[in-house]
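Observations on the model geometry
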Amino acid sequence: MNEDLLKAIRRRCRKMEIPLLGVAGVDRWADPPFQPWMPEEFYPQSIFPQAKSVIVIGLPVSLPVLETAPSIYYRELYNTINSLLDQYTYRLANFLNEKGYPSVFVPRDGYFGIKALQKSPVAFFSHRHAALLAGLGNFGTNNMLLTPQFGPRVRFSSVLTAAELASSPLMKEELCTRCMRCVRMCPVQALAEQDYPQALTDKKSCTARSAELNSRGISPCGICIKVCPIGEDRKLYGREDASIYSRKDRFPDEHRAWEHVQRYGGL
Ligand code: B12
Ligand code: SF4
Ligand code: SF4
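A brief structural summary. (Residues numbered from 1 in each chain as written. Chains lettered and ligands numbered in written order. Predicted model: local features only at pLDDT ≥ 70, side-chain atom pairs only at ≥ 80, totals over all residues. Heavy atoms only, no water.)

1. Description of the overall build of the chain
Scanning the chain from terminus to terminus reveals 11 helices and 6 strands. Relative to its length of 267 residues, the chain is compact, with a C-alpha radius of gyration of 19 Å against a globular reference of 18 Å. Residues classed as buried in the chain amount to 49% of the 267 residues present. Counting contacts in the chain only where the partners sit at least 6 residues apart, residues at least 24 apart contribute 72% of the total. Both charge centroids of the chain, one from 34 positive and one from 27 negative side chains, sit 4 Å from each other. (Helix = DSSP H or I, 4+ residues; strand = E, 2+ residues; numbered from the N terminus. Rg over C-alpha atoms; globule rule 2.2 N^0.38 Å. Buried < 20%, exposed > 50% of the residue type's maximum accessible area, 1.4 Å probe, protein only. Contact = heavy atoms within 4.5 Å. Lys, Arg positive; Asp, Glu negative; His and termini not counted. Charge placed at Lys NZ, Arg CZ, Asp CG, Glu CD.)

2. Some details on the sheet that holds strand E1 (residues 20–25)
Across the sheet, 4 strands lie side by side as E1-E2-E6-E3; this open sheet has antiparallel pairing. In this open sheet, the two strands that pair with only one neighbour each are E1 and strand E3 (103–106). Taken over all neighbouring pairs, the strand axes of this sheet differ in orientation by 25° on average, direction set aside. In this sheet, strand E6 (residues 154–161) lies alongside strand E2 (residues 53–60) in antiparallel orientation, the contact comprising 8 bridges. Of the residues in E6, the one forming a bridge with Ile57 is Ser157. (Pairing = 2+ DSSP bridges. Axes fitted to C-alpha atoms, helices over the stretch in contact; angles between N-to-C directions.)

3. Let's talk about the site of ligand 1
Around ligand 1, 39 residues are found, and the nearest of them are Tyr74, Arg108, Ala123, Asn143 and Tyr196. One nitrogen or oxygen atom from the main chain of Arg108 is found 2.7 Å from a nitrogen atom belonging to ligand 1. A distance of 2.7 Å separates an oxygen atom of ligand 1 from a polar backbone atom of Ala123. Going through the elements one at a time, helix H4 (72–98), helix H6 (127–133), E6, helix H8 (203–215) and helix H9 (223–226) are the ones with two or more residues in the shell around ligand 1. Here the residues of the shell around ligand 1 are counted per class, giving 27 nonpolar, 7 polar and 5 charged. (Near = heavy atom within 4 Å. Polar contact = N/O pair within 3.5 Å; in protein donor to acceptor, adjacent residues only side chain to side chain. Nonpolar A, V, L, I, M, F, W, Y, C, P; charged D, E, K, R; others polar.)

4. Section: the pairing of E6
With respect to burial, E6 is a largely interior element, 8 of its 8 residues being buried. Because side chains alternate across E6, one face comprises the buried residues Val154, Phe156, Ser158 and Leu160, and the other comprises Arg155, Ser157, Val159 and Thr161, equally buried. One ladder, built from 4 bridges, connects E3 with E6; its direction is antiparallel. Each bridged residue has a counterpart across the sheet, and for Ser103 the counterpart in E6 is Thr161.

5. Examining the pairing of E2
Summarising burial for E2: 7 of the 8 residues are buried, a large majority. For E1 and E2, the ladder comprises 6 bridges, and the chain directions are antiparallel. When the sheet's bridge partners are listed, Leu21 is paired in E2 with Ile57.

6. Focus on H8
Between its first and last C-alpha atoms H8 spans 18 Å; for 13 residues at 1.5 Å apiece the expected length is 18 Å, and the two agree. Every buried residue belonging to H8 is among Thr207, Arg209, Ser210, Ala211 and Leu213, and all of these are buried. Structurally, H8 contributes buried residues whose contacts are with helix H5 (113–119) and H9. (Expected span 1.5 Å × (residues − 1).)

7. Focus: the site of ligand 2
Residues in contact with ligand 2 amount to 13 residues; listed here are only the nearest, Cys176, Cys179, Met180, Cys182 and Cys228. A per-class count over the shell around ligand 2 returns 7 nonpolar, 4 polar and 2 charged.

8. Overview of the nonpolar core
Proteins that are soluble and globular tend to have nonpolar side chains buried together. Counting residues in hydrophobic clusters, the biggest one holds 40 residues, and the most contacted among them are Ile9, Ile57, Tyr74 and Leu165. Looking at this core, the elements that each hand over two or more residues are helix H1 (3–15), E1, E2, helix H3 (63–66), H4 and H9. At 10 residues, the largest contribution of residues to this core is made by H4. Judged by nonpolar contacts, the second largest core, of 27 residues, contains Phe125, Leu133, Leu136 and Phe150. (Core = buried A, V, L, I, M, F, W, Y, C linked by side-chain atoms within 4.5 Å.)

9. Some thoughts on unusual backbone geometry
Note that the residue after Gln35, namely Pro36, is joined by a cis bond; omega there is -5°. Turning to its location among the elements, Pro36 is positioned in the loop between E1 and helix H2 (44–47). The omega torsion of the bond from Ala69 to Pro70 falls at 0°, within 30 degrees of zero and hence cis. Within the secondary structure, Pro70 sits in the loop between H3 and H4. One non-glycine residue, Met180, lies in the positive phi region at around 70°. As for its placement among the helices and strands, Met180 is situated in the loop between E6 and helix H7 (181–185). Taking the relative accessible area as the measure of exposure, Met180 reaches 13% and is therefore buried. Within the chain, Gln189 stands out as a residue other than glycine whose phi angle is a positive 50°.

Structure below.
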C-alpha cells in the first residue's frame, strides 16, 4: 500500500478545501454489505479495468440555502457544488496520472437531463455506494448516504485509480434514527418506512416531481435531505430543532425568509 501517495492526496484535498475524503479498495464491491446489491457491470473494476482503488470526495450542501427549496437559490447551489465536484475529481485524477497511476474521474451525476432519468433513473456508477464503501457514512430511510458531519446534505464524486491505496475503515455506527421525518414530509409519498435499498419505493414519482420543478427552473426537490435531523451542520446553523419545517407558528421569521426567496427567480 502506498502511504506517501495517500498523504499527498490528502494534502491536495485540504488545499482544495474538500472536507470529506475516503478510499475504498475495489474488492469491497465484490463483498456486498447488504442485498440486493448492484450488478457487476456497475463495479469500478468493470468500468475501468485498471482500477484498484476508488477515492471518494464529499462537498456540503449549505443547510440555510437548502431550506429555501424548491427555489432558484438551492438550484444555483446545487449547480455550483456539481461543477466543483467535477473539477476537483478531474484535477485529482490528473494529479495521479502525472505521478504514473492511471486514473479517471467519474462525473458527479452522469445522465443527459431529466428526460434520460425518466427513461431510466440509473447511472453507470453509483457515488453513494462508493461513499459507503469508503467509510464516509451509511444509508438512511431517505435513501441517501448520511454522514456524521452533514447528515444527507453532502454530494459525492469519485476517482477510479490504478494506485493501490489503503481502504478507509467502514462506518459501524448506524446514523439514521428512523424518525421518519423524510417519509412524512416527502410531497409525493415516494418514500416508505423501510431501510435502504427498499426505502425509495416510488422512483417514478420522485423523478416526476423533479421534472415538474425543472420545467419551472427550481429543481431539485431535496426536502428529504433538508428535514433529516442528522449532521453536525444543524448545530452550526442553530437548527437542532428539526420541527422548524412544520411549525410555522413557532418559527415565523425563518418561514417568512424562505417564502420571500421562493417568490423570485423561477417560473
Ligand atoms: C438517478 C439518480 C436519482 C434519481 C433516482 C434516485 C435513486 N435513489 O435511485 C432521482 C431523480 C429520483 C434522484 C433524486 C434525488 N437525488 Co439523486 N442521483 C441519481 C444518480 C445520478 C444515480 C443513482 C444510481 O443510479 N445509483 C446506482 C444504483 C446502483 O443504485 P440503486 O438504484 O439504489 O440500486 C440498488 C438496488 O436497487 C439494487 N439493485 C437490485 N437489482 C438491481 C438491478 C439494477 C440494474 C440496478 C442498477 C440496481 C439493482 O442494487 C443497488 C444497490 O443496493 C446519483 C449520482 C450517481 N451517479 O451516483 C444521484 C444521487 C444519488 N442523488 C443525490 C441526491 C442528493 C438526490 C436528491 C436529494 C435530489 C437533490 N439533489 O436534492 C433526490 C433524493 C431522492 C431519494 N430520496 O432517493 C445524491 C446523493 C447524496 C447522498 N448524500 O447520498 C447523488 C449521489 C448525487 C451526488 N453526486 O452526490 N436521484
Ligand atoms: S429523516 Fe429520520 S428516518 Fe429519514 S433518514 Fe433522516 S434520520 Fe433517518
Ligand atoms: S427528493 Fe423530494 S420527491 Fe424525491 S424522495 Fe425526496 S422529498 Fe420525495
